[in-house]
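Summary of structural features
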Amino acid sequence: MPRSKKFRRARLIVIVLVVLLVAGAGYGGYRGVEAVRASFPEVDGSVKVAGLSAPVDVKRDANGIPQIYGDTSEDLFRAQGYVQAQDRFWEMDVRRHITAGRLSEMFGDGQVETDSFIRTMGWRQVAQKEFDTVLSADTKKNLQAYADGVNAWLAEHPGGSAASLEYGVLGVVNGDYKPEQWNPVDSVAWLKAMAWDLSGNLQEEIDRSLLAQDFSPEKIAELYPDYPYARNGTIVKTGTVNGTAYRPADGSAPAGTGTAAGGAQGAAATKALLKGVTDRVDALPELLGRNGQGIGSNSWVVAGSHTTTGKPLLANDPHLGPGLPSVWYQMGLHCRTASPACQYDVSGFTFAGMPGVVIGHNKDIAWGLTNLGADVTDLFLEKVTGPETYLVDGKEERFDLRKETIKVAGGEERTITVRTTRTGAPLISDPSTEQQNVGKYAPNGASAPDRGTGGYGVALQWTALIPGKTMDAVFALDRAKGWEDFQKAAADFAVPAQNLVYADARNIGYQAPGYIPVRGNGDGRYPAPGWDSSFQWKKDPVPFSALPWSLNPSSGYIVTANQAVVDPSYKYSLTKDWEYGTRAKEITDQIEARLKNNGKISPDDMQEMQLDNTSVLAKTLVPMLLKVDIDDSYVREAQDLLKDWNYHQDADSAAAAYYNGVWRQLLILAFGQKFPADLRAEDNCLLVREQADPTKPDSKSRIVTECGTRDPGRAQPDGGDRWTEVVRQQLEKPDSAWWTYIDSQHKEQKGLENLLREAMTNARQELTSLLTKDVTTWSWGRLHKLELRERTLGSDDSSIASGAVRKLLNRGPYRLSGGSAAVDAAGWNAAAGYQVDWIPSMRMVIDLNDLDASRWITVGGASGHAFHDNYNDQTDLWLKGKLLTWSFSPDAVEKATRHKLTLTNG
């Protein structure tokens with residue numbers, strides 16, 4: 001929607017305001033410096049926080065990471081709310097407006113479409129139901145205490161520049177805005193954002209349907225090949241399910257031993273229908289990263305029998321989208337004395353706006369998370385028969401209807417009608433009154449009902465829209481004392497479904513939790529026909545007792561890196577769209593290599609493994625590239641870079657730069673050229689033949705330019721792990737039809753060798769234009785750059801700040817090692833360019849022999865204040881692969897303390 005003149009004029013004022021403010025800080029201007037520092041948190045002395053039963057100490061180290069000490073659980077969470085608000089309230093405020101579909105109240109009419117989509121899904125309503133009906137009384141107390149702490153801080157900082165520099169910027173555009181009181185449901189709603197960004201195969205479901213316009217099911221299957229179980233293995237050896245009880249098949253030993261040794265209808269859905277849904281998905285703010293391919297993680301745990309410390313070691317590095325402030329918030333919550341009134345002694349990573357610790361350790365156990373990738377979303381095509389009705393099994397059903405009013409800063413309110421099916425699935429194809437009839441074309445299936453004048457709608461069935469107990473699980477993990485407590489906590493971890501790895505001083509383990517649907521007909525790969533009830537989900541999900549787990553496997557280690565959990569013999573279907581296991585196999589091979597000849601794995605080994613940037617596919621592809629005869633000395637000069645390459649994607653490697661350039665060009669020639677515009681990047685334009693219109697006698701076919709229509713960050717082929725498997729399989733077929741391409745002279749060419757030659761030529765030309773003609777000056781890091789962008793002010797025309805203003809708040813660019821399918825997963829989208837768009841967002845190594853010897857790091861820092869010393873102080877260390885000392889015991893924390901703030905009742 002067009003921006004109002006008021007907002008466009010205000011943007012110019014914002015530029016002047018922030019430039020003057022930052023210039024004042026940068027050059028020592030007193031007023032500028034004071035204006036910036038006014039919002040920095042008070043970290044020494046004493047402040048009053050209403051409701052505390054006793055004083056609470058907040059100890060911060062040199063990196064600003066807080067460790068909180070109190071006498072009751074409620075005091076800890078009240079203090080956590082106060083401290084997180086000190087550091088991150090602007091971020092928290094923006095996040096809650098996102099999850100509630102209320103961004104327009106802050107930023108104006110440019111956010112109406114985003115609000116409409118989120119209101120249609122109903123994130124906030126589901127969070128409210130969770131709080132009202134399913135969460136435990138203790139969890140509600142903790143959430144309320146956290147909210148009280150946030151509100152105690154907010155009472156001292158009611159808004160404006162004294163609360164945050166960003167509020168000063170917002171005030172120029174929206175001077176009437178004042179932050180509301182924090183509500184416990186604001187915290188619960190954040191879980192919906194987590195679940196959305198980690199929700200599995202929704203984009204793949206859409207993409208397969210769009211590909212079906214041009215490709216047969218057999219060709220699409222080649223683009224989504226079967227998981228290579230034999231080569232890359234599974235997280236656990238597939239056990240058996242008797243009744244609803246899962247029995248491991250990997251030599252699991254009892255806890256405490258501690259001595260382990262070692263559909264056709266969806267395929268025909270029209271692209272006009274699904275393109276509209278994709279556009280709305282693309283428009284959502286990226287809170288954790290881009291939804292779908294690439295968002296993953298590494299985590300592994302090694303038994304004490306295999307470590308130099310004699311106790312288990314656990315590593316974790318979640319791969320999420322980069323940005324500032326840091327997506328993670330490091331902190332500790334410590335009861336001075338353990339008692340029924342105070343049950344926490346935990347430290348790790350959490351999210352600003354959410355109490356507790358999500359990943360980390362307490363005094364007894366440690367745990368890490370990676371995305372399980374379960375298929376928890378399905379699209380249903382609905383035969384809409386009227387404004388309030390739709391068809392199921394030949395009979396009309398009534399939608400559940402609700403009105404949503406969107407308030408707009410500087411503009412008129414908008415009212416939308418949300419229609420929801422009897423299964424609780426909202427129609428995401430009509431999030432506004434202007435777009436309620438979007439199904440312009442019917443599927444071609446013989447049993448499909450005629451579209452009539454109403455058209456088809458697209459409904460989203462998603463487990464996160466079912467009230468769950470994940471917030472209960474977070475607190476239960478934080479206070480768990482052993483494996484049994486850990487499994488009980490995991491039973492409540494509904495969404496997002498995660499791989500949970502576990503360690504205590506004597507055991508290692510794995511548990512797959514999550515609300516995972518059991519489908520009727522269909523397998524979730526294509527949109528299902530909503531008019532046929534046999535495709536609806538069963539009433540009950542996969543029972544938790546039947547979900548895979550492992551304790552003390554005979555291998556002595558467990559690796560999770562988004563690979564398949566089990567093989568197809570498992571009773572239930574978790575997903576058809578696993579990541580393909582490249583990272584998992586590389587980690588496993590490295591562990592095995594270190595254990596060979598009775599070796600032991602050290603904490604340093606765990607840290608070093610996190611930095612492995614090997615391109616596994618290059619080991620197969622590079623020898624083939626070197627065999628291609630190149631007549632052009634200009635291209636051969638680049639080809640020669642690959643001769644002695646060790647396959648490491650170091651930032652300073654010229655060979656890595658050229659290899660990845662060739663990889664990008666190979667994907668474009670073999671696949672990107674053939675894909676419909678709906679999957680290609682916006683700046684990817686091709687010459688295509690437009691067929692004659694048979695209804696017009698004088699019409700003739702002609703060559704036209706057709707540009708892609710997709711956001712570049714989500715375009716295909718993206719070059720991620722799936723594409724390594726696609727190419728690996730096609731390389732075994734030199735005459736595959738995928739190796740037919742259009743060359744630079746617009747002529748059709750065939751054959752693998754010809755395509756590889758063309759890819760090397762094109763890569764030489766592209767890198768020359770992006771870098772220099774001299775290949776000796778090339779480096780992967782000059783192409784493969786990371787920019788940490790301030791995300792809360794927006795990143796496009798709908799933001800309140802111009803690009804010039806946002807640039808002042810961004811950091812970078814930084815030159816990165818790594819790659820999309822490497823363990824050091826600095827991912828980039830090959831369809832769009834080389835810009836890094838997902839990263840190991842944090843890294844940790846936990847030493848169960850000595851928790852104070854554990855290590856951690858995040859990208860960015862503890863503070864959300866753009867010019868604070870702790871805003872971006874950890875990034876340089878992260879770039880170098882270094883980790884910070886992670887103090888946990890009272891003595892270690894006291895030794896590391898640089899600032900101490902006491903919170904007292906008042």
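Refer to the structure presented above.
As a starting point, this report considers the structure included with it.

What counts and how
- Residues numbered from 1 in each chain as written.
- Predicted model: local features only at pLDDT ≥ 70, side-chain atom pairs only at ≥ 80, totals over all residues.
- Heavy atoms only, no water.
- Salt bridge = Lys/Arg side-chain N within 4 Å of Asp/Glu carboxyl O.
- Buried < 20%, exposed > 50% of the residue type's maximum accessible area, 1.4 Å probe, protein only.
- Helix = DSSP H or I, 4+ residues; strand = E, 2+ residues; numbered from the N terminus.
- Phe/Tyr/Trp six-rings, centres within 6.5 Å; stacked < 30°, edge-to-face > 60°.
- 1 Å grid on protein atoms, 1.4 Å probe; cavity = no way out; pocket = protein on both sides within 12 Å on 5 of 7 lines; lining within 4 Å.
- Points joined across faces, edges and corners; volume = space filled by probe spheres on them.
- Nonpolar A, V, L, I, M, F, W, Y, C, P; charged D, E, K, R; others polar.
- Core = buried A, V, L, I, M, F, W, Y, C linked by side-chain atoms within 4.5 Å.
- Polar contact = N/O pair within 3.5 Å; in protein donor to acceptor, adjacent residues only side chain to side chain.
- Contact = heavy atoms within 4.5 Å.
- Disulfide = S-S within 2.5 Å.

1. A word on the pattern of salt bridges
- Overall, the coordinates contain 41 salt bridges when judged by the stated rule.
- Note that Glu725 is salt-bridged to Arg231, the shortest N-O span being 2.3 Å.
- Classification of Arg231 as partly exposed rests on a relative accessible area of 33%.
- With a closest N to O distance of 3.1 Å, Glu766 and Arg664 form a salt bridge. Of this pair, Glu766 sits in helix H23 (residues 752-770) while Arg664 is found in helix H21 (residues 654-670), placing the two residues 102 residues apart along the sequence. For the pair formed by Glu766 and Arg664, the shared burial category is buried.
- What you see here is one network of salt bridges that share partners, running through Asp93, Arg96, Arg124 and Asp186.

2. A look at the packing of aromatic side chains
- Counted according to the given criterion, the structure contains 39 aromatic pairs.
- An angle of 50 degrees between the planes, with centres 6.1 Å apart, marks the rings of Phe675 and Trp723 as tilted. Within this pair, whereas Phe675 is found in the loop between H21 and strand E23 (685-690), its partner Trp723 is found in helix H22 (residues 721-730), the two being separated by 48 residues in sequence.
- Owing to a relative accessible area of 4%, Phe675 belongs among the buried residues under this scheme.

3. Focus: the layout of surface pockets
- Taken as a whole, the second largest pocket encloses approximately 830 Å³ of empty space.
- Looking at the second largest pocket, it is lined by 26 residues, and the ones nearest its centre are Gln673, Leu686, Leu687, Ile742 and Asp743.
- Sorting the residues of the lining of the second largest pocket by element identifies H21, E23, strand E25 (741-742) and H23 as the ones contributing at least two each.
- The greatest single-element share of the lining of the second largest pocket, amounting to five residues, is contributed by E23.
- Counted by class, the lining of the second largest pocket contains eleven nonpolar, seven polar and eight charged residues.

4. Topic: the nonpolar core
- Counting residues in each nonpolar core, the largest one holds 233 residues, and the members touching the most others are Trp196, Trp462, Tyr570, Tyr658, Phe671 and Leu903.
- Counting residues in each nonpolar core, the second largest holds ten residues, with Val384, Tyr390, Phe399 and Ala425 among its members.

5. Quick word on the side chain of Asn810
- By the secondary structure assignment, Asn810 is in the loop between helix H25 (803-809) and strand E28 (811-815).
- Of the polar contacts made by the side chain of Asn810, one reaches the side chain of Glu787; its length is 3.4 Å.
- Looking at Asn810, its side chain comes within polar contact range of the main-chain nitrogen of Glu790, at 2.7 Å.
- The residues touching Asn810, leaving out its near neighbours within four places in the chain, are Glu787, Leu788, Arg789 and Glu790.

6. Some thoughts on the state of the cysteines
- Summed over the entire model, instances satisfying the criterion amount to two disulfides.
- A sulfur-sulfur separation of 2.0 Å characterises the disulfide bridge that pairs Cys335 with Cys342. A torsion of -90 degrees about the S-S bond marks the disulfide between Cys335 and Cys342 as left-handed.
- Given a relative accessible area of 11%, Cys335 falls into the buried group.
- Two residues share a disulfide in this structure: Cys685 and Cys707, whose sulfurs sit 1.8 Å from each other. Its S-S torsion of approximately 100 degrees makes the covalent link between Cys685 and Cys707 right-handed. Here Cys685, found in strand E23, pairs with Cys707, found in strand E24 (residues 702-707); they are 22 residues apart in sequence, far enough to count as distant.
- The class for Cys685 is partly exposed, based on a relative accessible area of 38%.
- Residue class for Cys707 comes out partly exposed when judged on its relative accessible area of 32%.
- Sequential numbering of the bridged cysteines in the protein gives the disulfide pattern 1-2, 3-4.

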